[in-house]
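# Architecture and fold: a report
Listed below are the residues making up each chain.
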Amino acid sequence: MNARVAATWILAGLMLIAVAVLAAPGSSYSNQDRVQPLAGASLHHLAGTDALGRDRMVRVCAAFLLSLAGAIAAAALTTLAAAAVGTLSAFSPAFFGSLAMLVCDVFLALPWLFLLMMVRSALPLTTSPAHSAAITFLVLAALGWPACARAVYRGALDLRNAEWMLQARAGGLRTSQIVRHILPNLMPLLTPQFLICIPAFVIAEANLGALGLGIGEPLPSWGGMLLELDNSAMLMQTHWVYLPIGLLVLVLLMLETVAVEA
């Protein structure tokens, strides 16, 4: 069993555990047990509770699934956008292709994390948690396409000049017919780009949450739970406060393994 298969099975197992925890009777990431704030592990609270008495295990599982689902959706959107921009630029006149790549270079030159923070901080404070989560991952997708678009552009240029492409054009195939052959040939390039974007978006969301610009409460997010690490008194009272960062590191390692082996 290679590393990629093992990492995939570990991620699948973690997802099944998270789904099982959330599906358990009485599980809720927002319910507060005000009698037991910062409680230790027990049968009722497997990983204890946070400062507001909310079940930490349930919140970590919800944050894990939310972050992974949002990162996958954002990676799919940014990969589709990059595929469209890169392919159209490669098969357009040279001036348009050069202009599109110049726009990509401008985006890549910007400090995208600070740009992301500016866009996210411009949202009104009354934004609902669900909307803040959707907007966060949409912004990630909107800012993540330029690097992938450049890679797709180079790959599409190679296809444009390939011998089989020249023969297809000489044979009178229409553009729509040629495109159907281009996309399968770009999949070996698009798949790694998609897989690379997922851990990048997971860590970007966690960074935003740690800065207070991520997903709004009471919806759990990795970044929001990492804020607990700033409280030295809490660190001394319970070691379960390290659970979110431990799971985050494990998930990132598994995602990076899957991406590298792709």
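So, a few notes on the structure that sits alongside this text. Just so we're clear, the structure is a prediction, and the values are computed from it rather than from any experiment. (Residues numbered from 1 in each chain as written. Predicted model: local features only at pLDDT ≥ 70, side-chain atom pairs only at ≥ 80, totals over all residues. Heavy atoms only, no water.)

Within the protein, the secondary structure is distributed over 11 helices and zero strands. Starting at the N terminus and ending at the C terminus, the protein contains elements arranged as α-α-α-α-α-α-α-α-α-α-α. Expressed as lengths along the three principal axes of its C-alpha atoms, the size of the protein is roughly 75 × 45 × 30 Å. Residues counted as buried form 42% of the 262 residues belonging to the protein. If you take every contact in the protein between residues at least 6 apart in sequence, the share linking residues at least 24 apart comes to 71%. Looking at the protein, you have 12 positive and 12 negative side-chain charges, and the mean spots of the two groups are 13 Å apart. (Helix = DSSP H or I, 4+ residues; strand = E, 2+ residues; numbered from the N terminus. Buried < 20%, exposed > 50% of the residue type's maximum accessible area, 1.4 Å probe, protein only. Contact = heavy atoms within 4.5 Å. Lys, Arg positive; Asp, Glu negative; His and termini not counted. Charge placed at Lys NZ, Arg CZ, Asp CG, Glu CD.)

The biggest cluster of nonpolar side chains holds 46 residues, and the ones touching the most others in it are Phe64, Trp222 and Val251. Mapped onto this core, the elements with two or more residues apiece are α1 (3–23), α2 (56–90), α5 (129–143), α8 (175–210), α9 (222–226) and α11 (243–261). A per-element tally of this core places α2 first, with 11 residues. In this structure, Val251 is in contact with Leu11, Leu14, Phe64 and Trp222, ignoring residues within four places of it in sequence. (Core = buried A, V, L, I, M, F, W, Y, C linked by side-chain atoms within 4.5 Å.)

As a further point, take helix α6 (residues 145–160). Compared with the 22 Å implied by 1.5 Å per residue over 16 residues, the 21 Å span of α6 between its first and last C-alpha is a close match. Within the span of α6, buried status applies to Trp145, Pro146, Cys148, Ala149, Val152, Tyr153, Gly155, Ala156, Leu157 and Leu159. (Expected span 1.5 Å × (residues − 1).)

With 16 residues, helix α3 (residues 94–109) should reach 22 Å at 1.5 Å per residue; the first-to-last C-alpha distance of 22 Å fits that figure. For α3, the elements touching its buried residues are α2 and α6.

On to a nonpolar patch on the surface. Taken together, the side chains of Phe95, Leu99, Leu102, Val103, Val106 and Leu110 make up a nonpolar region of the molecular surface, amounting to roughly 560 Å² of accessible area. On the secondary structure map, Val103 appears in helix α3. What makes Val103 partly exposed here is its relative accessible area of 36%. (Patch = residues over 30% accessible without salt bridge, like charges linked within 9 Å, V, L, I, M, F, W, Y side chains within 5 Å. Areas by Shrake-Rupley, 256 points an atom, 1.4 Å probe, with all protein chains shown as cover. Salt bridge = Lys/Arg side-chain N within 4 Å of Asp/Glu carboxyl O.)

What follows concerns the state of the cysteines. Counted under the stated rule, the structure contains zero disulfides. The cysteine Cys148 is free of any disulfide, with Cys197 supplying the nearest cysteine sulfur at 5.9 Å. Cys148 gets classed as buried once you look at its relative accessible area, which sits at 1%. (Disulfide = S-S within 2.5 Å.)

Shape is all these values report; function is a separate question.
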